[in-house]
Amino acid sequence: MSILLPTISTSFIVISGILVAFGWYAIAKRQIEKHMKIMKWAAICATIFFVTYVSRTAFVGNTHFGGPDSLKPIYQTFLIFHIVLATVGGVMGLITLRFAYKKEFAKHRKIGPWTSIVWFVTAITGATVYTLLYLIYPGGETAGVLDVIFGW
């Protein structure tokens, strides 16, 4: 099993999270142009992650947890938490970006910090899933996404 695509996709989500942190710092320093550029690149990296992940899921499948059976229920719960959080974070990200591009800055300022926090946690939990699936334990079989999520 190759870990090239999972490594690429995970790298982009981690880079996206790091860029969001830099973007948050820039706006705290009132460096608006810098903030906009950084956040644009954060969104681009998140999009590359999403396209890579969805492509891998569609054409290759997802990897079952290869660790001990005793940890499988904990891993499955963590994975479901990550997926829900990533979905919420993605939607929040789109809304936050829309407010910025429409120049609805009051709304952008309200949701932006929450979106950033959700995105940080999403990046961290995504990197944790990757670490558990490919680095700590040998990856299990590749299967359809629902089979992997629910451990069937």
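The structure displayed is predicted, hence computed values, not measured ones.

> Describe the nonpolar core, and please don't skip the residues or the numbers.
Counting 12 residues, the largest nonpolar core consists of Ile 13, Leu 19, Val 20, Ala 26, Ile 38, Met 39, Ala 42, Cys 45, Ala 46, Phe 49, Trp 119 and Phe 120. Within the residue set of this core, elements represented by two or more residues are helix H1 (4–28), helix H2 (32–59) and helix H4 (105–136). The element contributing the most residues to this core is H2, with 6 residues. Those residues in contact with Val 20 that sit more than four places away from it in its chain are Met 39, Ala 42, Ser 116, Trp 119 and Phe 120. Tyr 75, Leu 79, Leu 133 and Val 148 belong to the second-largest nonpolar core, a separate cluster that totals 9 residues.

> Before we move on, could you go through the pattern of salt bridges and cite the residues and values that matter?
Counted according to the given criterion, the structure contains 1 salt bridge. Where Lys 107 meets Glu 104, a salt bridge forms, and the shortest distance between an N and an O atom there is 3.4 Å. Classification of Glu 104 by relative accessible area gives partly exposed; the value is 25%.

> Explain the UniProt feature "transmembrane region" (unreviewed entry) in the protein chain residue by residue, including any values.
UniProt tags residues 6–27, 39–59, 79–101 and 113–137 as "transmembrane region" (unreviewed entry). Here residues 39–59 is 100% helix and 0% strand, with 30 Å between the C-alpha atoms at its ends. The span residues 79–101 carries 100% helix and 0% strand; its end-to-end C-alpha distance comes to 32 Å.

> Could you give an account of helix H3 (residues 72–101), naming the residues involved and the relevant values?
Spanning 30 residues, H3 covers 42 Å between terminal C-alpha atoms, matching the ideal 44 Å at 1.5 Å per step. Turning to H3, its buried residues number three or more, namely Tyr 75, Gln 76, Leu 79, His 82, Leu 85, Gly 89, Met 92, Gly 93, Thr 96 and Phe 99. Structurally, H3 contributes buried residues whose contacts are with H4 and helix H5 (145–150). In the stretch just after H3, Lys 103 is the one whose phi turns positive, near 60°.

> Let's hear about a nonpolar patch on the surface: which residues, and what values?
A contiguous nonpolar surface patch, about 480 Å² in accessible area, is contributed by Ile 80, Val 84, Val 88, Val 145, Leu 146 and Phe 150. For the nonpolar patch, the elements supplying multiple residues, two or more each, are H3 and H5. Tracing the chain through its elements places Leu 146 in helix H5.

> Tell me what's going on with the packing of aromatic side chains, and back it up with residues and numbers.
Summed over all chains, the structure comprises 5 aromatic pairs. Ring centres 5.8 Å apart and planes at 20° place the aromatic pair Phe 49 and Tyr 53 in the stacked group. Here the residue Phe 49 and the residue Tyr 53 both occupy positions in helix H2, the gap between them amounting to 4 residues, near one helical turn. Residue class for Phe 49 comes out buried when judged on its relative accessible area of 18%. Taking the relative accessible area as the measure of exposure, Tyr 53 reaches 24% and is therefore partly exposed. Among the aromatic residues, those joined into a ring-pair cluster are Phe 65, Tyr 75 and Tyr 137.

Definitions and limits used
- Residues numbered from 1 in each chain as written.
- Predicted model: local features only at pLDDT ≥ 70, side-chain atom pairs only at ≥ 80, totals over all residues.
- Heavy atoms only, no water.
- Core = buried A, V, L, I, M, F, W, Y, C linked by side-chain atoms within 4.5 Å.
- Buried < 20%, exposed > 50% of the residue type's maximum accessible area, 1.4 Å probe, protein only.
- Helix = DSSP H or I, 4+ residues; strand = E, 2+ residues; numbered from the N terminus.
- Contact = heavy atoms within 4.5 Å.
- Salt bridge = Lys/Arg side-chain N within 4 Å of Asp/Glu carboxyl O.
- UniProt positions renumbered as here; feature names shortened; annotations may be inferred.
- Expected span 1.5 Å × (residues − 1).
- Patch = residues over 30% accessible without salt bridge, like charges linked within 9 Å, V, L, I, M, F, W, Y side chains within 5 Å.
- Areas by Shrake-Rupley, 256 points an atom, 1.4 Å probe, with all protein chains shown as cover.
- Phe/Tyr/Trp six-rings, centres within 6.5 Å; stacked < 30°, edge-to-face > 60°.

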